[in-house]
Each structure stands twice: as structure tokens, then as C-alpha cells.
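Observations on chain architecture
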Amino acid sequence: MSARPQPNEAASYYSIYIDRITSDDIVDVLATQLNETVAFLSDTSEEQSLRRYALDKWSMRELLGHVNDTERVFMFRALWFARGFQDPLPSFDQEIGFRAAESDQVSWANHVDEFRAIRLSTLAFFRNLPAEAWLRSGIASDSSVTVRALAYIVAGHVSHHLAILRERYL
């Protein structure tokens, strides 16, 4: 699917993620991001992954656990709407999810492996998506969103959090 999502394809607060991606080839972006992200994350030690840049902030493990969970949520939404389901989907409260995940108890290596597995699944989904499904939409978190916008949100969300890792943690 080529062409970037239009502003009306997602709630305005998602522009923080969508606008990070400039390419019209989102599948290529997702594939490139997989290799670059795994290489970047693999340079972090287990000890370093427990670092917080402030006492009240997530550790690196918690941040990557959040990234993994959020990609799953966005991908479920993409699957739901791409397959033609019309029932609205609920909001995702990242604070509830982060607390229940207990990500500091999971090794950094396992978080990185999990990211790789999730992203491979994301790529398989979008590579096999029928052309007409990219523009299907539905309601999630009380806002309309297209499958195409969700693909950009997935990539932009990872880009956003990698920037935070680089700027605040490392």
C-alpha cells in the first residue's frame, strides 16, 4: 500500500507517531525498523536495561515491554478492522498494562527477542493484506482509525520510543 494516511484517518493525538514516518512504503519502513531496532537494542547490557533516567520513570525494560504490548494492541486493531469487524474496540491504558507486565522481571534479551517476534508477525500481516483492507476503518478508543493509519502508528510509536532511549537513557 502506498500513500501516507490523511489527517482524518486517525485521532489528532496520533500525529506524534504518524508524522515521524515520511515514507510512502510503510511495509519497507517496518522491515528496516526491525533490523535497525534489534541491532540498536542488542548493544544494551542486562544491567543497563534496568536504568531509569528519573526515579518516577520506567526502566528501559519497562519501556520496551510497553513498546511490545502496544504493537500488539495496534496490530489487533488493524486485524479487527482489516477483516471487516465493526464493533468498537476499547482504549488501552498503558499504566495498567505496564504494572501487570512486571517487565523488570524479564531479561532484556527476552524483551528484544519478543520485539523481533512481534515485528515479524506485524510484517507478515501487512505484507499479506488485501489492497482494499488498508482503507478499512473502525472505532478504537472512541475515535475512528484506518488500518493504514495503524501501520504508521506502529512504526512511529517505535521510532518515538527509540528516540527517548537515545536521548534520555543512553
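So, a few notes on the structure that sits alongside this text.

What counts, and where the lines are drawn
Residues numbered from 1 in each chain as written. Predicted model: local features only at pLDDT ≥ 70, side-chain atom pairs only at ≥ 80, totals over all residues. Heavy atoms only, no water. Helix = DSSP H or I, 4+ residues; strand = E, 2+ residues; numbered from the N terminus. Rg over C-alpha atoms; globule rule 2.2 N^0.38 Å. Buried < 20%, exposed > 50% of the residue type's maximum accessible area, 1.4 Å probe, protein only. Contact = heavy atoms within 4.5 Å. Expected span 1.5 Å × (residues − 1). Phe/Tyr/Trp six-rings, centres within 6.5 Å; stacked < 30°, edge-to-face > 60°. Core = buried A, V, L, I, M, F, W, Y, C linked by side-chain atoms within 4.5 Å.

**Concerning the overall build of the protein**
Within the protein, the secondary structure is distributed over six helices and two strands. The C-alpha radius of gyration computed for the protein amounts to 16 Å, which stays within 12% of the reference 15 Å derived for 170 residues, consistent with globular compactness. Here the C-alpha coordinates of the protein stretch approximately 45 × 30 × 25 Å along the principal axes. Relative to its 170 residues, the protein shows a buried fraction of 50%. Sequence separation of at least 24 residues holds for 77% of the intrachain contacts in the protein that already meet a minimum separation of 6.

**Thoughts on helix α3 (residues 60-82)**
In this model α3 runs 32 Å from its N-terminal to its C-terminal C-alpha over 23 residues, within 8% of the 33 Å that 1.5 Å per residue would give. Across the 23 residues of α3, 18 count as buried, placing the element largely inside the fold. Two residues or fewer after α3 comes G84, characterised by a positive phi angle close to 90°.

**Quick look at the packing of aromatic side chains**
According to the stated counting rule, one finds eight aromatic pairs in the structure shown. Taking 4.6 Å as the distance between ring centres and 45° as the angle between the ring planes, the aromatic pair formed by Y13 and Y14 counts as tilted. Measuring from ring centre to ring centre gives 5.1 Å for F126 and W134, while their planes differ by 25°; the resulting arrangement is stacked. No difference in accessibility class separates F126 from W134, as the two residues are buried. Three or more aromatic residues joined by ring pairs make a cluster, and in this case those are Y13, Y14 and F74.

**Let's talk about the side chain of T37**
Along the chain, T37 falls in helix α2 (residues 26-41). Judged by relative accessible area, T37 falls into the buried class, the value being 2%. Setting aside chain neighbours within four positions, we find T37 in contact with F115, V158 and L162.

**Description of unusual backbone geometry**
Even without a glycine there, the phi angle at E102 is positive, about 50°. Looking at the element boundaries, E102 is found in the loop between α4 (94-101) and α5 (108-127). A relative accessible area of 51% means that E102 is categorised as exposed. Non-glycine residue S141 carries a positive phi angle of around 55°.

**So, the nonpolar core**
By size, the foremost hydrophobic cluster in this structure holds 52 residues, and its most contacted members are I26, F126 and I153. Contributing elements (two or more residues each) for this core: α1 (15-18), α2, α3, α5 and α6 (147-169). Among the elements that take part in this core, α6 stands out by supplying 13 residues, more than any other. Residues within four places of I26 in sequence aside, it is in contact with I21, W134, A151, Y152 and A155.

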